[in-house]
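Summary of structural features
Here is how the chains run, residue by residue.
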Amino acid sequence: MSDLVPADTTEDVRTRGSGVSRQVAVLPVGSFEQHGPYLPLATDTLVACAVAREIAGAYPVHLLPPVTISCSHEHAAWPGTVSISSVTLHAVVRDIAASLRRSGVDALVLVNGHGGNYVLGNVVQESSARGERMALFPAAEDWEAARERAGVVTSLLTDMHAGEIETSILLHAHPEMLRPGYETSDFVADDRRHLLTLGMSGYTDSGVIGRPSLGSAEKGKELLASLADSFGAYFSMLASDE
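In what follows, the accompanying structure is described.

Scoring rules and cut-offs
By convention here, each chain's residues receive numbers from 1 onward along its written sequence. Side-chain atom pairs in this predicted model are given and counted only at pLDDT of 80 or more, local residue features only at pLDDT of at least 70, and totals for whole chains, interfaces and linings cover all residues. Hydrogens are left out, water is left out, and the side-chain values use all remaining heavy atoms of the structure. Strands are runs of DSSP state E lasting at least two residues, helices are runs of H or I lasting at least four, and both sets are numbered from the N terminus onward. Here the globule rule is a power law, 2.2 Å times the number of residues to the power 0.38, and the radius of gyration is based on C-alpha atoms. Any residue under 20% of the maximum accessible area for its type is buried, any over 50% is exposed, and the rest in between are partly exposed; the area is computed with a 1.4 Å probe on protein chains only. Whether two residues are in contact is decided by their heavy atoms, any of which lying within 4.5 Å being enough. Pairing between strands is defined by DSSP: at least two bridges between the two strands are required. Crossovers are marked right-handed if the path from the first strand over the helix to the second runs clockwise, as seen with the strands pointing away from the viewer. Here, nonpolar core means buried Ala, Val, Leu, Ile, Met, Phe, Trp, Tyr and Cys residues that are tied together by side-chain atoms lying within 4.5 Å of each other. Only Phe, Tyr and Trp rings take part, Trp by its six-membered ring, and two of them pair if their centres are within 6.5 Å. Stacked means planes under 30 degrees apart, edge-to-face means over 60, and tilted covers everything else.

Now for the overall build of the chain. On a plain count of helices and strands, the chain comes out with eight helices and four strands. Mapped from its N terminus to its C terminus, the chain presents α and β elements in the order α-β-α-β-α-β-α-β-α-α-α-α. Radius of gyration (C-alpha) of the chain: 18 Å, near the 18 Å computed for a compact globule of 242 residues. Taken along the three principal axes of its C-alpha coordinates, the chain extends 50 × 35 × 30 Å. Expressed as a percentage of its 242 residues, the buried residues of the chain come to 51%. By sequence separation, contacts in the chain at least 24 residues apart represent 76% of the contacts at least 6 residues apart.

Right, dumping it as structure tokens:
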């Protein structure tokens with residue numbers, strides 16, 4: 001459970017906060033949606049938590065438990081998928097940020113594990129315009145740097161869902177969660193211009209878009225290490241007094 005739920009006590013948080021100019025909290029945001037026949041419904045949550053744990057191991061941040069259900073409406077055709085509205089997710093994140101500020105934590109980073117959570121970008125934009133400190137991580141550039149460092153062959157366009165990146169991170173962080181089948185489930189659909197209208201079922205029967213057969217635990221380890229390095233710029237920006 002420590003992989004998903006932080007074991008901090010209130011004194012741990014107090015001590016960590018005393019050593020920084022501004023406290024930065026990290027909120028993993030996942031989803032509960034299909035990831036083909038071999039990855040669990042909680043894949044995006046597991047990925048977001050793996051990234052957040054890597055960050056917490058390298059920077060003095062306040063690690064929060066994950067948001068486990070989000071905006072997965074494009075996956076509604078597959079059993080097991082559960083969604084909340086973008087309005088609800090927006091409200092949940094805003095409430096968490098407000099609660100953190102009341103307890104003295106000035107900045108919040110949303111570690112997003114699900115590409116369909118488009119509303120998180122709006123949450124950060126609006127919060128920043130109000131003078132609040134918030135960021136969304138990783139950006140596409142962070143993923144691209146991680147992809148190159150880890151030797152991930154598939155492009156970010158092709159590696160859309162349950163592909164090489166997600167399979168690699170789970171092979172490293174949670175190998176017990178994978179089931180047989182990722183080795184033979186590659187499927188490519190790069191032209192997805194009608195995704196918002198048709199949903200994933202308009203482009204894939206299996207629920208997979210990407211090349212999971214290329215995944216490896218070593219790639220997963222390097223992906224996380226690269227993302228932790230990229231986070232340094234975010235931490236410096238949010239923790240600064242300027």
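Here the focus is the pairing of strand E1 (residues 24–29). With six of six residues buried, E1 is to be regarded as a mostly interior element. Where E1 lies against strand E3 (residues 107–112), six bridges are found, and the strand directions are parallel. By the bridge assignment for E3, Val 24 is matched with Ala 107. As paired elements, E1 and strand E2 (residues 62–63) share two bridges and run parallel to each other. Residue pairing for E2: Ala 25 is matched across the bridge by His 62. For the crossover that starts at E1, traverses helix H2 (residues 43–58) and ends in the parallel E2, the hand is right-handed.

Let us look at the nonpolar core. Ranked by internal contacts, the top residues of the largest apolar core, which has 38 residues, are Val 26, Ile 55, Val 109, Phe 137 and Phe 231. Looking at this core, the elements that each hand over two or more residues are E1, H2, E3, strand E4 (133–137), helix H5 (140–150), helix H6 (164–173) and helix H8 (217–239). For this core, the leading source of residues is H8, giving eight residues. Beyond its immediate chain neighbours, meaning those up to four positions away, Phe 137 contacts Val 51, Ile 55, Val 109, Leu 110, Val 111, Asn 112, Asp 142, Leu 227, Ser 230, Phe 231 and Tyr 234.

On to the packing of aromatic side chains. Counted by the stated rule, this structure contains six aromatic pairs. Ring plane angle 80° and centroid distance 4.8 Å describe the contact between Phe 137 and Tyr 234, whose orientation is recorded as edge-to-face. Of this pair, Phe 137 sits in strand E4 while Tyr 234 sits in helix H8, and the two are 97 residues apart along the sequence. Of the two residues examined, Phe 137 and Tyr 234, each falls in the buried class.

So, to be careful, I would describe these as geometric facts and stop short of saying anything about function.
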